[in-house]
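# An overview of the molecular structure
What follows is the residue order along each chain.
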Amino acid sequence: MKSACLLASAGTLLFLRRLLCPGAEAAKTKYSFAGHKYAFIVDTRKCIGCGACVRACKLENKVPNRFFRTWVERYTVAKDSKLIVDSPDGALRGFEELKAVPAPDVARAFFVPKLCNHCTNAPCVPVCPVGATYHSPDGVVLTDPSYCFGCGYCIQACPYGARFKNPAMRTADKCTWCYHRITKGLLPACVEICPTGARRFGDAADSASQVAQVLRTERLGVLRKELGTRPKVYYVELDPKVR
Amino acid sequence: MAQILLGFVFPNERVYWQIPIVIYPFLTCIATGTFFLSTLDHLFKKKSLKPVSNFALLASMAFVSFASLPLLVHLGHPERAFNIMFTPSISSAMATFGYIYGFYLGLVLLEVWFVFRPQIVQFVRSSIGLKRAFYTVLALGVKDISESSLRIDHRIVKLLAFLRVPTACVLSGYVGLIFGTLDSVPLWSWRLMPLIFLLSAVACGVALIVVLYFIAAKARRSRMDSRCVRSMSAYLLTFLVLSGVVQLINFLRSYGADPEWQFSFQTLKSHLTFTFVGLQLVAGWVVPFVLLSALLFLKLKDAFRNALAVLSSFLVLIHVFTFLWNLVIGAQLPSRALKGSITFSPELFGKEGILVSAVIVLCPLVLLFVLTKILPPFEKKAEAAA
């Protein structure tokens, strides 16, 4: 019941946003697959762990229970340097107060939204034995559910735990940056719903875009840079403790 | 399946590869390992292995016939399985499985036919009715078993056995490659993983033949050929030691150097103490090592030596199975976040449960039983009646 209410509220928010910002609606011009360089910016300073992004994603993409295309992790560093990471139910219902470390003992805490990194050197792409996982012409890593036979090799290959086997479709599944939306000029659902602007998405090839400006001016990090996967999800002020 | 989270793990992390993916390399190891014994006889004329060489060939056929079944059971869409042959993505280590497997299966079928052709023709000549019709179909219309014809058969068998050596090596090593190329899982990521699989495959194949030879001898009320058992035990010990050495090298290479590997290994040790330390290392390696050394280097009575060989072989089978269990299941337990792990309790029923897996393992044994009835692999003269 609680989940249904949360999903309904996310749906209402999406509807209101569309109503109030008609400019964000799909451009009527035909989408060109060439010339895009999409990038996703996560600002860990702005995320408040409300979980609206997780709920919006669930609603938009019909993500099955207990699996996530995006989730939010909470990093709590105690004064004695002890690190506690949690993400109860992927932060679908946000976070409750952490009981393991009382508030006065917390040195710092922050939230880290996670999703598929759409790596340039995506480990999941070459391992797919039938080519069902591929780079789209505009650089997004996608999986064709009508061709994937559900071996799970790509799930094992992803070092970020971003993929899962969809129990309903029996194929590999993951974040697509809401490909069905971005090719219509819309933003991914999680970006559109984020109340603090912690998630931003855009075309880095367009030098006037907000994302291109952030890429130029901010100190950014990527998850597990040492792997050489070259993620296209960039984090502002990424803490080295985050994997 | 019950999967409990300990510490922090990424919310999508599960044991996605379950018992069928343990069974798949196990069956493949047996299918390619049993080739070793038949090849030593057919290609290198190792006479001491003559009593079991045809039986090993049938075992290879039975096991390779079902080696892909666990994969099909595991797939989300088994009806799309042939996509891997129609549109293989050559960058994937898994993509050429269909071709390698199909080639090996074809070689085994051909070799079985050529090796057993004289027997098939004899059955055609000596039987009547349905039985005759059945063997006539098996003979494929070729009823010439003259000396010159058998000489040609023999040459073809030699050629097939010769081709089967690299193919079996590729097939068993290939399974290791599927795991070894995954850098995201520390316990799998080693390019020499194919070598471990190859050595384990031979040990596993020889061990199974020793055990089945014992059962077959009991069923036929005959004695095991002691020279043959001794010879198989020597091979078993050799490959058990080699496989252990390569696994030790893998352990030493990573231990202390790679924090991810260390985290994974600690998780494996704490979650799978019984299967890893108890079964794989002690019961599956140390005990058979001692027993096989004893039976090879001490003067023992034949019956006692054979009993020790069967016991050791059974333990080696446990070693290989638990090695695969710990490798496949164990490697998926530690989180990629390195801050927690999951536990795994296999379900009894369900597509990837214990029951289905047990049936899959039994299938090749049933087929082998049927095959030995159709194409008797044991020479009556070779064994003294009990």
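Nothing here was measured: the structure is a model prediction, and the numbers come from that model.

### Side note on the overall build of chain B
From N to C terminus, chain B includes 13 helices and 2 strands. Looking at chain B residue by residue over its 386 residues, the buried ones come to 51%.

### Side note on the overall build of chain A
A tally of helices and strands in chain A yields 7 helices and 11 strands. With 243 residues in all, chain A has 43% of them scored as buried.

### Digging into the sheet that holds strand β3 (residues 83-86) of chain A
Residue and element names in this part refer to chain A. The strand order across the open sheet formed by 3 strands is β3-β2-β4, and the pairing between neighbours is antiparallel. Because the sheet does not close on itself, it has two edges, and the strands there are β3 and β4 (106-115). In this sheet, neighbouring strand axes are inclined to one another by 20° on average, regardless of whether the strands run parallel or antiparallel. Across 4 bridges, strand β2 (residues 70-78) lies against β3 in antiparallel orientation. Residue pairing for β3: Tyr-75 is matched across the bridge by Val-85. Relative to the sheet, helix α2 (residues 52-61) contacts β2 and β4, its axis offset from that of β2 by approximately 160°.

### Here's the deal with the interface of chain A and chain B
Accessible area lost during the coming together of the parts is what is often quoted as the interface size. The partner chain B presents 29 residues to the 33 residues of chain A that form the contact. Counting only elements with at least two residues in the side of chain A that touches chain B, the list comes to β3, α3 (124-127), α4 (153-157) and β7 (164-166) of chain A.

### Remarks on the pairing of strand β9 (residues 199-203) of chain A
All names here are of chain A. Burial analysis of β9 places 4 of its 5 residues in the buried class, the great majority of the element. Pairing of strand β1 (residues 38-43) with β9, which is carried by 5 bridges, proceeds in the antiparallel orientation. Its bridge partner being in β9, Ala-39 is matched across the sheet by Gly-202.

### A word on the sheet that holds β1(A)
Residue and element names in this part refer to chain A. Taken in spatial order, the 4 strands make up an open sheet running β9-β1-β11-β10, and their pairing is mixed. Each edge of the open sheet is held by one strand with a lone partner, namely β9 and β10 (220-221). Strand direction decides the pairing type here: β1 and strand β11 (residues 233-236), joined by 4 bridges, are parallel. What sits directly across from Phe-40, in β11, is Val-233.

### Structural notes on helix α12 (residues 302-328) of chain B
Structurally, the α-helix is built with 3.6 residues per turn, so residues lying three or four positions apart point the same way. For α12(B), built from 27 residues, the straight-helix expectation of 39 Å at 1.5 Å per residue is met to within 8% by its first-to-last C-alpha distance of 39 Å. Most of α12(B) sits out of view: 20 of its 27 residues are buried.

### Considerations on the nonpolar core
All names here are of chain B. Formed by 188 residues in total, the largest nonpolar core has its most connected members in Ala-203, Val-206, Ile-209 and Leu-236. Considering each element in turn, this core owes the most residues, 18 residues, to helix α8 (residues 193-219). Residues in contact with Val-206, not counting those within four places in the same chain, are Gly-33, Phe-36, Leu-37, Met-232, Tyr-235, Leu-236 and Phe-239.

### Brief notes about the environment of Ser231(B)
Residues and elements named next belong to chain B. Of note, Ser-231 is situated in helix α9 (residues 226-254). We classify Ser-231 as buried; it has 20 C-beta atoms within 10 Å. The spatial distance from the C-alpha of Ser-231 to the C-alpha of Asp-183 is 39 Å, given a sequence separation of 48 residues. With sequence-adjacent residues up to four places away left out, Ser-231 is seen in contact with Ser-48 and Leu-49.

### Some thoughts on the environment of Trp177(A)
Take Trp177(A): it is sitting in the loop between β8 (171-173) and α5 (179-182). Measuring from C-alpha to C-alpha, the distance between Trp177(A) and His118(A) comes to 8.7 Å, with 59 residues separating the pair along the chain.

### Some remarks on unusual backbone geometry
Residues and elements named next belong to chain A. Backbone geometry places Lys-62, a non-glycine residue, at a positive phi of 50°. Of note, Lys-62 is situated in the loop between α2 and β2. In this structure, Cys-178 takes a positive phi of about 50° despite not being glycine.

### As for α8(B)
End to end, α8(B) covers 38 Å across 27 residues, agreeing with the expected 39 Å (1.5 Å per residue, within 8%). Among the residues trailing α8(B), Arg221(B) stands out with phi positive, at a value near 55°.

### Overview of the packing of α9(B) against α12(B)
In helix packing, the relevant descriptors are the interaxial angle and the interaxial distance, both defined with respect to the helix axes. Residues and elements named next belong to chain B. Close contact between α9 and α12 brings their axes to 10 Å; oriented N to C, the two are set at 35°. In this structure, α9 meets α12 at a crossing whose hand is left-handed. Across from Ser-226, Val-229, Arg-230, Ser-233, Leu-236 and Leu-240 in α9, the residues of α12 making contact are Asp-302, Arg-305, Asn-306, Ala-309, Ser-312, Ser-313 and Val-316. For the contact of α9 with α12, the per-class residue count stands at 5 nonpolar, 5 polar and 3 charged.

### With respect to the confidence of the model for chain A
Per-residue confidence for chain A gives a mean pLDDT of 90, with 88% of residues at or over 70. Contacts for the low-pLDDT stretch residues 22-27 of chain A, under 50 throughout, to residues beyond four places or in other chains number 8 contacts.

### A word on the confidence of the model for chain B
All names here are of chain B. In the predicted model, chain B carries a mean pLDDT of 91, and the fraction of residues at 70 or more is 96%. The weakest mean pLDDT in chain B belongs to strand β1 (residues 5-8) at 73; the strongest belongs to helix α13 (residues 354-374) at 97. Across the whole predicted complex the pTM is 0.89, and at the interface the ipTM reaches 0.90.

### Quick look at the packing of α9(B) against helix α11 (residues 273-297) of chain B
All names here are of chain B. Between α9 and α11, the least distance of the axes is 10 Å, while the angle of their chain directions is 145°. As for how α9 packs across α11, the hand of that crossing is left-handed. Together, Ser-233, Ala-234, Leu-236, Leu-237, Leu-240 and Gly-244 of α9 and Trp-285, Pro-288, Phe-289, Leu-292, Ser-293, Leu-295 and Leu-296 of α11 make up the contact between the two elements. A breakdown of the residues in the contact of α9 with α11 according to their chemical character gives 10 nonpolar, 3 polar and no charged.

### Thoughts on the environment of Ser53(B)
All names here are of chain B. Mapped onto the secondary structure, Ser-53 falls in helix α2 (residues 50-66). Classification of Ser-53 as buried rests on a count of 22 C-beta atoms within 10 Å. Taking C-alpha positions, Ser-53 is 15 Å from Val-165, a pair spaced 112 residues apart along the chain. With sequence-adjacent residues up to four places away left out, Ser-53 is seen in contact with Leu-37, Ser-38, Asp-41 and His-42.

What counts and what doesn't
Every residue gets a number counted from 1 within its own chain, in the order that chain's sequence is written. Whichever chain is written first becomes A and whichever ligand is written first becomes 1, with later ones labelled in order. For this predicted model, a pLDDT threshold of at least 70 governs which residues receive local features, and a threshold of 80 or more governs which side-chain atom pairs are given and counted, while totals over whole chains, interfaces and linings are taken from all residues. Put simply, DSSP marks the helices as runs of H or I at least four residues long and the strands as runs of E at least two long, and each gets a number from the N terminus on. Working definition of burial: number of other C-beta atoms within 10 Å of the residue's own, with buried at 20 or more, exposed at 12 or fewer, and partly exposed in between, all C-beta atoms being placed from the backbone. For two strands to be treated as a pair, DSSP must find at least two bridges joining them. Lines fitted to C-alpha atoms define the axes, with helix axes restricted to the stretch in contact, and inter-axis angles between N-to-C directions lie between 0 and 180 degrees. It is the C-beta atoms, placed from the backbone, that decide contacts: two residues are in contact if theirs lie within 7 Å. Helix span is expected to be 1.5 Å times the residue number reduced by one. Joining buried Ala, Val, Leu, Ile, Met, Phe, Trp, Tyr and Cys residues through C-beta atoms within 7 Å gives a set, and that set is a nonpolar core. Crossings are assigned a handedness: left-handed for a near helix turned anticlockwise from the far helix by less than a right angle, right-handed for a clockwise turn. Three classes are used, and their members are as follows: Ala, Val, Leu, Ile, Met, Phe, Trp, Tyr, Cys and Pro are nonpolar, Asp, Glu, Lys and Arg are charged, and the others, Gly among them, are polar. How sure the predictor is of each residue is captured by pLDDT, a score from 0 to 100.

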